[in-house]
Amino acid sequence: MSKISLTVNGRSISKEVSDNTLLVEFIRENLRLTGTHVGCDTSQCGACTVHVDGKSIKSCTMLAVEADGSQITTIEGIANGELHPMQQAFNDNHGLQCGFCTPGMIMAGIDMVNRYKASNKPLDEAAIRGELEGNICRCTGYHNIVRSIADASTKM
Amino acid sequence: MTDGIGARVKRKEDKRYTTGSGKYTDDVRNENQAYAAFVRSPHAHANVTGIDASAAEGMPGVVAVLNGAELTGDGIGNIICGWAITSKDDTPMNMGAWSALATEKVRYVGDAVAVVIADSMEEARNAAEAVEVSYDELPAVVDTATAMDAGAAQVHENAPNNLIFDWELGDEAATDAGIAAASHVTKIDLTNNRLSPNPMEPRSAVATFDPAEEHYTLYTTSQNPHVARLVLSAFYQVAPEHKLRVIAPDVGGGFGSKIYIYPEEIVCLWASMKTKRSVKWTSTRSEAFLTDAHGRDHVTHAEMGFDADGKITAFKIDTIANLGAYMSLFSSAVPTYLYATLLAGQYHMPAIHCNVKTVYTNTTPVDAYRGAGRPEACYLIERVMEKAAREMGMDPAELRRKNFILEFPYQTPVIMNYDCGDFPGHLDKAQAAADVAGFAARKAEAASRGKLRGLGYSTYIEACGIAPSQAVGSLGAGVGLWESAEVRVNPVGTIEVLTGSHSHGQGHETSFAQVVADRFDLPVENIQIVHGDTDKVQFGMGTYGSRSGPVGLSAIFKACDKVELKVKQIAAHLLDASADDVFCEGGEVKVKGTNKSLGWHEIGLAAYTAHNLPEDMEPGLKEGAFYDPVNFSFPAGCHICEVEIDPETGVVEIVKFTAADDFGTLINPLIVEGQVHGGIGQGVGQAMLEQVIYGDDGQLLTGSYMDYTMPRADNLPSFDVEHNSVPSPSNPLGVKGCGEAGAIGSPPAIMNAITDAIGTENLEMPATPSNVWQAIQANQIKHAAE
Ligand code: FES
Ligand code: FES
């Protein structure tokens, strides 16, 4: 067991965790933030995507102890009074069906838009599709996810 | 109101999903939660000679280790298939026994043998690894086409040669005569690849037993919680129905795989009673690959005859369908009544005969997966049509046009009676949208870059709105396939609709509300859809086979009829008018030709205070209805795919995909188009990426996302979805169902486009770069030799 201190969605947290607890388990089971999902056991699906120090990370690929001292944002932490433009864009463009992949898609989408904006690169359809390589959706055929992210990118 | 039928209303349910507040089964955690981990067979086929749990039982946190002998000892029944198929020699199907925990024999890798219940998931999994099971390994049978061969391993004693049933549909003599008289016969051999459904939410169950009430609560990832309760109670004897509440909360996709009642739910319920703890199990993705029912897996030989004019004379089909190691709930219906009955497609065929043999193998059970039987039928028909057109030197669109059914109702030779359609209209619309006229120029341009371009068609028809109860009963179904609904107007005038349909991505909370909003001219926000809980909704048959629109909505509509009648009577009484003059408009109830009106809150209040109601009227304002469809509905359409292929690498790019669909009345086109996109996505997966592969020893070789290729965003194009709607005359709203069409129509369009580009028909799904490259090479060698 180790004690870790970190910030999750703006709240400071200190907790004992066992050394083999994955960050996603810590988020779901210890913090009971169940918006972050688990869709696979091989780090392929992206349902568990969160932001660690502002970058999108698959939280199943990281141990909770590795997150000691970091700032974590989960899907529960991005709406600020009103929905984040990415959340709103998914609603506006019907970018979700069952909703299971959605938190991961939104977190990956935000990071993607931020990165492209920071480096001044155009985020066109091909770029969005390429960037979504680490996130699987079985429901939407991605058509409306791509449109949602493109739409949000004009509003962020 | 602007958010009624036909409006592109943004989904009401989205907010909870986009903010992370959706509640899926794995998000449920009860007081003193215990966790289950299953001990699974590593062998495809073996006798179980002993289970030693002593080491596991002593491990930290372990509450109990339970096995199949204890399960059957407690009277828990075998898992059954709910649709009885009779072989052509009038013998019943050979269903082998399936215990939720195997007792003497394991029949596929992943077959559960024991379960560990522990205080934490980690402790349960660790202890499960410490359970020592001794096996006597047996040879395995895996391959569909050879499963009936002499000498093949026998999966179940009561199914000699692994044959479950040998079934036929249609007039064999007439079909043979039609083929014999044909001036051209096209023959084809095709495999329909085995798929893993892969909803992104893995299956999960949380079972809690209340000893004082002797009552069970089960949270589970189900498409049909009432059917789960019925089957768990009536067939598996887990608990009587009134002592079992099944809740399917937010469910992360199903595609068929969450229709069935699996061993894990049964075991969790039973274990919660044994241990007096709430027991939770959540599948890992690896377990999902091993245990979620697979789809498809057909091997088929077919022949279609044509007269000199290109008109079909007869269609003859021989199919072997692999049902895996055990018969899952609807497994027998998929390759029979959901397949052979659709083999006429959109074409006038004077005679059809289909023979289907189903076989046991040492593989995961196979059952309905998005489309269920209809994709297999469509794939076969459309590849045959394309091949025939090429062999006869005809334009493939014109060959289809020549054979389209034009008059309705139309009785096919294989049971179905099509109620309406506009098949040439779908083709016209798709051809225009796909710019077929410009294809030759695009092909030439691609050739100048060294690329191969191809264009492929498919047309499809499916039977949805499953199904008229009496008809399916006469064909062997163990249940009726109606739907139920209850419409509750509250004292404040808002409305709750309780439906037996389940939404796991389909957006019912929005589209169903739109129908009621439209009906009473109320804002969609005033209407709440309640589903997925057997304590709230009295009964329901659930969501599959694109039935929620045609059947579920019809039940709601019927309940609305009754509500409307009572609302009018109350309004007429209070406003001193004739009920015939009362109508709903702008959120109010008004009297024709007057300025008299009442708000829904006033009607609601009057109904519940009951101070001033018409004489003899019961208080309250709540009506229920059961709706049993009079016929299937028949969504149909045309898909056109255009591909570009790099002959050096075999890599296929879909450059344009066009769908022109007829789903009848569209309640919410935004949601309908989303369903089509998702269906085509899965169709592209089947055609180009996905395949479940077993080794000869029955080991699953595609057991994770590292080996099983799921469609990702960069594998797919954007889709052009067009509508050519002909409302169904068979239900009050005219809806047909849209959930499966994309997955049905797209694989043949894609394969026809690829084979058009590479100039050879010898290509099976999935058309991976390596398969396509090899087909190109083989074709070149063949041509060089000629
Ligand atoms: S759960 Fe983390 S990538 Fe799938
Ligand atoms: S919306 Fe269901 S997996 Fe993406």
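Worth saying up front: this structure is predicted, and the values here are computed from it rather than measured. Every chain begins its residue count from 1, and numbering advances along the sequence as written. All chains are assigned letters beginning at A, and all ligands numbers beginning at 1, according to the order in which they are written. Local features in this predicted model are restricted to residues of pLDDT 70 or higher, and side-chain atom pairs are both shown and tallied only at a pLDDT of 80 or more, whereas totals for entire chains, interfaces and linings draw on every residue. Working from all heavy atoms in the structure, the side-chain values ignore hydrogens and water.

Q: Account for the UniProt feature "domain: Aldehyde oxidase/xanthine dehydrogenase a/b hammerhead" (unreviewed entry) in chain B, with residues named and values stated.
A: Those places that UniProt annotates as "domain: Aldehyde oxidase/xanthine dehydrogenase a/b hammerhead" (unreviewed entry) correspond, in this numbering, to residues 19–139 of chain B. Strands are runs of DSSP state E lasting at least two residues, helices are runs of H or I lasting at least four, and both sets are numbered from the N terminus onward. Helix and strand shares over residues 19–139 of chain B are 17% and 29% respectively, and the end C-alpha atoms of the span are 51 Å apart. UniProt positions are given in the numbering used here, feature names are shortened, and annotations may be inferred rather than shown by experiment.

Q: Could you give me a rundown of the pairing of strand 3 (residues 49–52) of chain A, with the residues and numbers involved?
A: Residues and elements named next belong to chain A. Relative accessibility under 20% of the residue-type maximum defines a buried residue, over 50% an exposed one, and the middle range a partly exposed one, all with a 1.4 Å probe and only protein chains included. Side chains of strand 3 alternate between two faces, with T49 and H51 and V50 and V52 buried alike. Strands were regarded as paired on the criterion that DSSP finds at least two bridges between them. Pairing between strand 3 and strand 4 (residues 55–58): 4 bridges, direction antiparallel. Its bridge partner lying in strand 4, V52 is registered against K55. If you look at the hairpin formed by strand 3 and strand 4, you'll find 2 residues sitting between the two strands, and D53 has a positive phi there, around 50°. Pairing of strand 3 with strand 5 (residues 71–73) involves 2 bridges; the strand directions are antiparallel.

Q: I'd like to hear about unusual backbone geometry, residue by residue, with values.
A: Residue and element names in this part refer to chain B. Following F408, the chain continues to P409 via a peptide bond in cis, the omega torsion being -5°. At D90, a position not held by glycine, the phi torsion is positive, near 70°. Mapped onto the fold, D90 is located in the loop between helix 3 (68–73) and strand 4 (105–106). Of the residues examined, D90 reaches a relative accessible area of 66% and is grouped as exposed.

Q: Could you give an account of helix 2 (residues 85–92) of chain A, with specific residues and numbers?
A: Every buried residue of helix 2 of chain A is accounted for by A:M86, A:Q87, A:A89, A:F90 and A:N91. Looking at the packing, one finds that the buried side of helix 2 of chain A touches helix 3 (102–118) and helix 5 (143–153) of chain A together with helix 1 (14–18) of chain B. A:H94 sits one or two positions beyond helix 2 of chain A and adopts a positive phi of about 50°. Should any heavy atoms of two residues lie within 4.5 Å, those residues are considered in contact.

Q: Tell me about the interface of chain B and chain A, residues and numbers included.
A: Where interface size is given, it is often the accessible area lost as the parts come together that is meant. The interface is formed by 54 residues belonging to chain B together with 47 residues belonging to chain A. Defined in terms of a 1.4 Å probe, buried area is the accessible area two parts forfeit on being brought together, summed over both. Of the roughly 4,100 Å² buried at the junction of chain B and chain A (both faces included), carbon and sulfur atoms supply 51%. Sorting the residues of chain B by area buried against chain A places B:T18, B:M200 and B:R712 first, and these three jointly supply 16% of that buried surface. By definition, a salt bridge exists where a carboxyl oxygen of Asp or Glu is found within 4 Å of a side-chain nitrogen of Lys or Arg. Inspection of the region where chain B meets chain A yields 5 salt bridges. Notably, a salt bridge pairs B:D27 with A:R28, separated by 2.7 Å at the nearest N-O pair. Any pair of nitrogen or oxygen atoms within 3.5 Å is treated as a polar contact; in protein, a donor-acceptor pairing is required on top of that, and neighbouring residues in sequence qualify only through side-chain atoms on both sides. There are 32 residue pairs in polar contact (both at pLDDT 80 or more) connecting chain B and chain A. Elements with a minimum of two residues in the side of chain B that touches chain A: helix 1, helix 8 (285–291) and helix 17 (669–689) of chain B. With 8 residues, the top contributor of residues to the side of chain B that touches chain A is helix 17 of chain B. Residues are grouped as follows: Ala, Val, Leu, Ile, Met, Phe, Trp, Tyr, Cys and Pro are nonpolar; Asp, Glu, Lys and Arg are charged; every other residue, Gly included, is polar. Split by residue class, the side of chain B that touches chain A holds 22 nonpolar, 19 polar and 13 charged.

Q: Report on the domain arrangement of chain B, specifying residues and quantitative values.
A: Residue and element names in this part refer to chain B. Domain start and end points were adopted from an automatic or database domain assignment. Assigned domains of chain B: these are domain 1 (17–138 + 200–253 + 258–291), domain 2 (298–466 + 631–785) and domain 3 (482–627). Using only C-alpha atoms to locate each centre, domain 2 and domain 3 end up separated by 40 Å. On the domain 3 side, the residues contacting the 21 residues of domain 2 number 18 residues. Summing both partners gives a buried area of about 1,400 Å² for domain 2 against domain 3, and 65% of it is carried by carbon and sulfur. Where domain 2 meets domain 3, there are 0 salt bridges. The tally of links from domain 2 across to domain 3 stands at 4 residue pairs in polar contact (both at pLDDT 80 or more). Looking at the side of domain 2 that touches domain 3 residue by residue, the classes come out as 9 nonpolar, 8 polar and 4 charged.

Q: Account for the sheet that holds strand 4 of chain B, with residues named and values stated.
A: Residues and elements named next belong to chain B. Overall, antiparallel pairing links the 3 strands, which are arranged 4-2-6 in an open sheet. Two strands close off the open sheet at either side, each with one partner strand: strand 4 and strand 6 (132–137). Sheet analysis places strand 2 (residues 46–52) next to strand 6, joined by 6 bridges and oriented antiparallel. Its bridge partner lying in strand 6, I51 is registered against V133.

Q: Explain the domain arrangement of chain A to me, using residue names and the numbers behind them.
A: Residue and element names in this part refer to chain A. What the domain assignment lists for chain A is domain 1 (2–74) and domain 2 (85–153). Just the C-alpha atoms count here: the centres of domain 1 and domain 2 sit 21 Å apart. Taken together, the contact between domain 1 and domain 2 spans 17 residues of the former and 11 residues of the latter. Per-residue buried area on domain 1 facing domain 2 is highest for H37, T49 and H51; these three make up 39% of the total on that side. Across the domain 1-domain 2 interface, the total number found is 0 salt bridges.

Q: Please provide a residue-by-residue account of the packing of aromatic side chains, values included.
A: Residues and elements named next belong to chain B. To pair, rings of Phe, Tyr and Trp, with the six-membered ring standing in for Trp, must have centres within 6.5 Å; the planes then decide the type, stacked if under 30 degrees apart, edge-to-face if over 60, and tilted in the middle. Under the definition given, this model contains 21 aromatic pairs over all chains. Ring plane angle 55° and centroid distance 5.8 Å describe the contact between F330 and Y544, whose orientation is recorded as tilted. Remark: Y544 occurs in the loop between strand 21 (527–530) and helix 15 (548–575) and F330 occurs in the loop between strand 14 (312–322) and strand 15 (352–359); sequence separation between them is 214 residues. Residue Y544 is classed as buried on the basis of its relative accessible area, which comes to 10%.

Q: An account of the pattern of salt bridges is requested, with residue identities and associated values reported.
A: For the structure on display, the rule yields 57 salt bridges over all chains. The salt bridge partner of A:E131 is A:R115, with a shortest N-O separation of 2.9 Å. Of this pair, A:E131 sits in helix 4 (residues 125–131) while A:R115 sits in helix 3, placing them 16 residues apart in sequence. Exposure remark for A:R115: the relative accessible area of 37% places this residue in the partly exposed category. As a salt-bridge pair, A:E125 and A:R129 come within 2.8 Å of each other at their nearest N and O atoms. Taken together, the residues span about one helical turn, with A:E125 and A:R129 both in helix 4 at a distance of 4 residues. Judged by relative accessible area, A:E125 falls into the partly exposed class, the value being 37%. Taken together, the shared-partner salt bridges in this structure form one network comprising B:D435, B:R442, B:E445, B:R449, B:R453, B:E642 and B:E644.

Q: Give me the lowdown on helix 4 (residues 121–130) of chain B, citing residues and values where you can.
A: Taken as a whole, helix 4 of chain B has its buried residues at B:M121, B:A124, B:A127, B:A128 and B:A130. Against strand 1 (34–40), strand 2, helix 2 (54–57), strand 3 (62–67), strand 5 (112–118) and strand 6 of chain B lie the buried residues of helix 4 of chain B.

Q: Residue-level account of the packing of helix 15 of chain B against helix 16 (residues 600–609) of chain B, with values.
A: Residues and elements named next belong to chain B. Packing of helix 15 against helix 16 brings their axes to within 10 Å, and their N-to-C directions diverge by 90°. The angle between helix 15 and helix 16 falls in the class roughly perpendicular. Packed against helix 15, whose contacting residues are V567, I570, A571 and L574, the element helix 16 presents W600, I603, A606 and A607 at the interface. Among the residues forming the contact of helix 15 with helix 16, the class breakdown is 8 nonpolar, no polar and no charged. Inter-axis angles, ranging from 0 to 180 degrees, are taken between N-to-C directions of lines fitted to C-alpha atoms, where helices are fitted over the stretch in contact. To sort the angles, those under 35 degrees are grouped as roughly parallel, those over 145 as roughly antiparallel, those from 65 to 115 as roughly perpendicular, and the leftovers as oblique.

Q: So what about the sheet that holds strand 7 (residues 163–170) of chain B? Which residues, and what values?
A: Residues and elements named next belong to chain B. Judged by pairing direction, the sheet is mixed, and its 5 strands sit side by side in the order 7-15-14-13-8 without closing on themselves. In this open sheet, the two edge strands, each paired with only one partner strand, are strand 7 and strand 8 (184–192). Across the sheet, the axes of successive neighbouring strands diverge by a mean angle of 10°, strand direction being ignored. The pairing of strand 13 (residues 298–306) with strand 14 spans 9 bridges and is antiparallel.

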